[in-house]
Amino acid sequence: MNEREAIRKRVWGELRCVAKPDSRFHWDFTAFIPDFEGSANCAATIREMGKFRDAQTILVTPDNNLASLRAYCLTDHKTLVVPTYALSRGFWQITREDVPPGHEEFAATLDGLERFARPYPVEAVGPGAGPTLLITGASVINTEGVRISSDPSYFDLEWLILRTLGMVNAETPIVAAVHDCQLVEWPCEPQPVGSIADVIVTPTRVFQTSQRYRKPDQIVWEHLAWDVIREVPMLMALYERDHAAR
């Protein structure tokens, strides 16, 4: 086992003491980002940030620990963009007007999004008109904002898609919400396709990263495994578009 995997397994052991199991994946932290004790503190902290208050369109990943934050987006009259699970059907969008009064918390869950959200047409939105704030969970992340992972995360792929379409840029802030035990000091270089968090929020603190590393500004197809490209329809469409133009 290499050091990267050893760190991940150590963190997962600590995380199990504070995490909430998933209804489908139970304790398999390789398959999902869990909710955890103190996630409500993370959501409240992010809600008070100027970046959150000023943003009109916010992307929040479907991670379990971000359900309260997705509900805040709705109650605060934001346009909420949420990637579908495994990006199988692209992205959803949902606003307060799409949700019956009193159903905000349910609408912020995956089942609620299935009922109330509608497709977010990324190709039609146009350059410069995408989310102005991106919020994600993470399995393990270091203080430089680099995910400790051997494979691209779905958030990495989401960033690449939106960046390639011009919907986000290098200045679009990324906030990662994690438990304190998921934030580690171990330094490592990001993967070529790895997105970098600008701010990390835990139940006890807000950590501004050094922004030492740049966020990827385009898809380099050689950096993605063919199985990954083939299994994500939007990536496959971009791949075919790029190669048809050659």
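Residues numbered from 1 in each chain as written. Predicted model: local features only at pLDDT ≥ 70, side-chain atom pairs only at ≥ 80, totals over all residues. Heavy atoms only, no water.

Visitor: Help me understand the packing of helix H8 (residues 154–164) against helix H10 (residues 233–244), please; the structure alone is not making it clear to me.
Guide: A pair of packed helices is characterised by two quantities: the angle between their axes and the separation of those axes. Two elements in contact, H8 and H10, have axes separated by 10 Å at closest approach and are oriented at 40°. Judged by the angle between their axes, H8 and H10 are oblique. Crossing geometry of H8 relative to H10 is assigned as left-handed. Of H10, the residues touching H8 (which contributes Leu157, Ile161 and Thr164) are Met234, Leu235, Leu238 and Arg241. Among the residues making up the contact of H8 with H10, the classes are represented as 5 nonpolar, 1 polar and 1 charged. (Axes fitted to C-alpha atoms, helices over the stretch in contact; angles between N-to-C directions. Helix = DSSP H or I, 4+ residues; strand = E, 2+ residues; numbered from the N terminus. Parallel < 35°, antiparallel > 145°, perpendicular 65-115°, else oblique. Left-handed = near helix turned anticlockwise from the far one by under 90°. Contact = heavy atoms within 4.5 Å. Nonpolar A, V, L, I, M, F, W, Y, C, P; charged D, E, K, R; others polar.)

Visitor: Even after reading the chapter, I still don't get the packing of helix H2 (residues 39–47) against helix H4 (residues 67–75), so can you show me in this structure?
Guide: Put simply, H2 and H4 touch, their axes get as near as 9 Å, and they point 35° apart. When the axes of H2 and H4 are compared, the crossing they make is right-handed. Contacts from Ala43, Ala44, Ile46 and Arg47 in H2 reach Ser68, Leu69, Tyr72 and Thr75 in H4. Within the contact of H2 with H4, the residues separate by chemical class into 5 nonpolar, 2 polar and 1 charged.

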